[in-house]
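Structure at a glance
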Protein chains: 2
Amino acid sequence: MNRCGLLPVVLNLGILISGRGSNMDAILTAIKSEKIRNVKPRVVISSKPDVAGLKVASEKHGVPIEVIPGQSLKGWDYDQKLVEALKRHGVVPETGLVCLAGFMRIISPEFVRAFRMRILNIHPALLPSFPGLHAQRQALEYGAKVTGCTVHFVDEGVDSGPVILQKAVPVLDADTEETLSDRILLQEHELYPEAVRLIAEGKIRIEGRAVSVLR
Amino acid sequence: MNRCGLLPVVLNLGILISGRGSNMDAILTAIKSEKIRNVKPRVVISSKPDVAGLKVASEKHGVPIEVIPGQSLKGWDYDQKLVEALKRHGVVPETGLVCLAGFMRIISPEFVRAFRMRILNIHPALLPSFPGLHAQRQALEYGAKVTGCTVHFVDEGVDSGPVILQKAVPVLDADTEETLSDRILLQEHELYPEAVRLIAEGKIRIEGRAVSVLR
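Predicted model only: the values in this text are computed from it and were never measured.

Cut-offs and rules
Residues numbered from 1 in each chain as written. Chains lettered and ligands numbered in written order. Predicted model: local features only at pLDDT ≥ 70, side-chain atom pairs only at ≥ 80, totals over all residues. Heavy atoms only, no water. Least-squares fit on C-alpha atoms with pLDDT ≥ 70 in both. Contact = heavy atoms within 4.5 Å. Helix = DSSP H or I, 4+ residues; strand = E, 2+ residues; numbered from the N terminus. Expected span 1.5 Å × (residues − 1). Bend = angle between axes of the 7 residues up to and from the residue. Pairing = 2+ DSSP bridges. Axes fitted to C-alpha atoms, helices over the stretch in contact; angles between N-to-C directions. pLDDT = per-residue confidence, 0-100. Buried area = accessible area lost by both parts, 1.4 Å probe. Polar contact = N/O pair within 3.5 Å; in protein donor to acceptor, adjacent residues only side chain to side chain. Nonpolar A, V, L, I, M, F, W, Y, C, P; charged D, E, K, R; others polar. Disulfide = S-S within 2.5 Å. Buried < 20%, exposed > 50% of the residue type's maximum accessible area, 1.4 Å probe, protein only. Parallel < 35°, antiparallel > 145°, perpendicular 65-115°, else oblique. Left-handed = near helix turned anticlockwise from the far one by under 90°.

**Focus on the relation of the copies chain B and chain A**
Rotating chain B by 180° and translating it 0.0 Å along the rotation axis places it on chain A, where the RMSD comes to 0.0 Å. In symmetry terms, the pair is related by a two-fold rotation axis. Across chain B, the smallest distance between a C-alpha and the rotation axis is recorded for Ser129 of chain B, namely 2.5 Å. Looking at the interface residues of chain B, 100% of them are also at the interface in chain A, so both copies use one shared face.

Pasting the structure below:
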């Protein structure tokens, strides 16, 4: 019920994956259970064929899927195919949101500019600590006692965009890369849907790098 | 009571300050209340005269104080005066521990090598995030949602040594540098004495960068 009497705004969601897409599953499940309202999943796009996440998107959640392989294509040459597919499914910058969920490609500046502050990513560390690949392994090698996960807007840098939410996760002495990754992933599955919900409800305010949450 | 029948090992503690020394006060208070046992505070050395921490060390805790000013002296030229003073008060590498508590000088490699794994520092961030000065301001400017504090061994780099303990602290939307610093400081006052206690009880094991706590 919208108090102003306006039509409810629907956010058109595209999710980009390259593997099992467990964060994708968490977001789609939160939408299905109406923890997240006013978000319509329009398409899940994978950079790799035959990954488990495609089946989850299509069969469990009934979301249209696309595969855009392109190991040989770089930067905007690849990303314009993404943008075309997103638009074809109704995910446009004005009313759309793109969630990277284990998408194993670097986003080109052109894509970032086309969807400015409309692309989210989740990173398995408390940024700016441990950016880039193998963040959990980096944390173990550093000897960190606390790490975590970060949902952030994607900008032109690597894991450098404005932070929306962060959650701390303890590192245990007995942790392996796998046990630590699993413990962080549990928190990712809470944090990423929460960030999508806050955006869908218009509760996120951005001023420069400072993202505040209206409660 | 030492089960092996050996004489208890006493750790000779030197604390280096440059200001109010609130972490120094927290450590000395924990020793006085016997939360930390088997640690003997031998000397508090300030790089600046007339700072509040000197009075707290001397009058509240009865610990010998020294002032070693030396704005003009750099690196080992200054630090050898520190080492001489520490040794004069019985703080030697074999049985000693040096805690930096708001000590506003960079430690020289010579000092680090002389007291290898015997110098501790506390930093108001979850390292490796926000090293160097004004860590709390750095966290606010980055837009971090979680920061914290880190107790670590001092090595030849800036805030780069092996991590002993870390504690997460939330950043609130309304935080200023002062309110965030105060909230972190409350945790520092718990974490730093805890690290000293663990070292005094021989519960810290170091393997490369990995510091584990025997429980």
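There is more to say, and it comes next.
**Focus on helix 6 (residues 177-200) of chain A**
Residue and element names in this part refer to chain A. A rise of 1.5 Å per residue sets the reference length of helix 6, with its 24 residues, at 34 Å; its end C-alpha atoms lie 34 Å apart and thus fit the reference within 8%. The largest bend along helix 6 measures about 25° and falls at Glu188. The positive-phi residue at the C-terminal boundary of helix 6 is Gly202, with phi of around 70°.

**Some remarks on the sheet that holds strand 2 (residues 39-46) of chain A**
Residue and element names in this part refer to chain A. Taken together, 7 strands build an open sheet; the order of strands is 3-2-1-4-5-6-7 and the sheet is mixed. Across the chains shown, the open sheet's two edge strands, defined by having one partner strand only, are strand 3 (65-67) and strand 7 (163-170). Going from strand to strand, the sheet's axes swing by 20° on average, the running direction of each strand aside. Note that strand 6 (residues 146-153) and strand 7 share 7 bridges and pair antiparallel. Its bridge partner being in strand 7, Gly148 is matched across the sheet by Ala168. Together, strand 1 (11-17), strand 2, strand 4 (96-101) and strand 5 (119-123) form the strand contacts of helix 1 (residues 22-32), whose direction differs from that of strand 1 by roughly 155°. Sheet strands in contact with helix 2 (residues 52-60) are strand 1, strand 2 and strand 3, and its direction is about 155° off that of strand 3.

**Some remarks on the confidence of the model for chain A**
All names here are of chain A. On average, chain A scores 94 in pLDDT, and the residues at 70 or more come to 96%. Confidence over residues 1-5 falls short of pLDDT 50; this stretch has 1 contact with residues more than four positions distant or in other chains. For this predicted complex, the interface score ipTM comes out at 0.88, alongside a pTM of 0.91.

**Remarks on the environment of Leu127 of chain B**
Positionally, Leu127 of chain B belongs in the loop between strand 5 (119-123) and helix 5 (135-142). In the structure, Leu127 of chain B is positioned 20 residues away from Thr147 of chain B in sequence and 9.1 Å away in space, judged by C-alpha atoms. Every residue in contact with Leu127 of chain B, bar those within four places of it in the chain, is listed here: Ser129 and Tyr142 of chain A together with Thr150, His152, Asp159 and Gln166 of chain B.

**Notes on the interface of chain B and chain A**
Taken together, the contact between chain B and chain A spans 24 residues of the former and 24 residues of the latter. Of the roughly 1,900 Å² buried at the junction of chain B and chain A (both faces included), carbon and sulfur atoms supply 53%. Broken down residue by residue, the surface that chain B buries against chain A is led by Pro128, Tyr142 and Lys145 of chain B, which jointly contribute 34%. Linking chain B to chain A there are 11 residue pairs in polar contact (both at pLDDT 80 or more). For the side of chain B that touches chain A, the elements supplying multiple residues, two or more each, are helix 5, strand 7 (163-170) and strand 9 (210-213) of chain B. Broken down by element, the residue count for the side of chain B that touches chain A peaks at 6 residues, all from strand 7 of chain B. Taken together, the residues of the side of chain B that touches chain A break down into 13 nonpolar, 5 polar and 6 charged.

**Considerations on the state of the cysteines**
All names here are of chain A. According to the stated counting rule, one finds 0 disulfides over all chains in the structure shown. Looking at the unpaired Cys99, the closest cysteine sulfur is the one in Cys149, lying at 14 Å. Residue class for Cys99 comes out buried when judged on its relative accessible area of 0%.

**Overview of the packing of helix 1 (residues 22-32) of chain B against helix 6 (residues 177-200) of chain B**
All names here are of chain B. Direction vectors running N to C along helix 1 and helix 6 enclose 50°, while the axes themselves pass 9 Å from each other. Our classification of the angle between helix 1 and helix 6 gives oblique. As helix 1 runs across helix 6, the sense of the crossing is right-handed. Two secondary-structure elements touch here, helix 1 through Ser22, Asn23, Ala26, Ile27 and Ala30 and helix 6 through Leu185, Glu188, His189, Tyr192, Pro193 and Val196.

**Some points on the sheet that holds strand 2 (residues 39-46) of chain B**
All names here are of chain B. Taken in spatial order, the 7 strands line up as 3-2-1-4-5-6-7 in an open sheet, and their pairing is mixed. With partners counted over all chains shown, the strands left at the sheet margins are strand 3 (65-67) and strand 7, one partner each. Taking each pair of neighbouring strands and ignoring which way they run, the sheet shows an average axis angle of 20°. Where strand 5 lies against strand 6 (residues 146-153), 4 bridges are found, and the strand directions are antiparallel.

**Concerning unusual backbone geometry**
The peptide bond linking Leu127 of chain A to Pro128 of chain A adopts the cis configuration, its omega dihedral lying at 10°. Looking at the element boundaries, Pro128 of chain A is found in the loop between strand 5 and helix 5 (135-142). Positive phi is not limited to glycine here, since Met117 of chain B has a value of about 60°. Along the chain, Met117 of chain B turns up in the loop between helix 4 (109-114) and strand 5. A residue is classified by how much of its surface remains accessible, and Met117 of chain B, at 28% relative accessible area, is partly exposed. Of note, the phi angle at Phe130 of chain B is positive, near 55°, even though the residue is not glycine.

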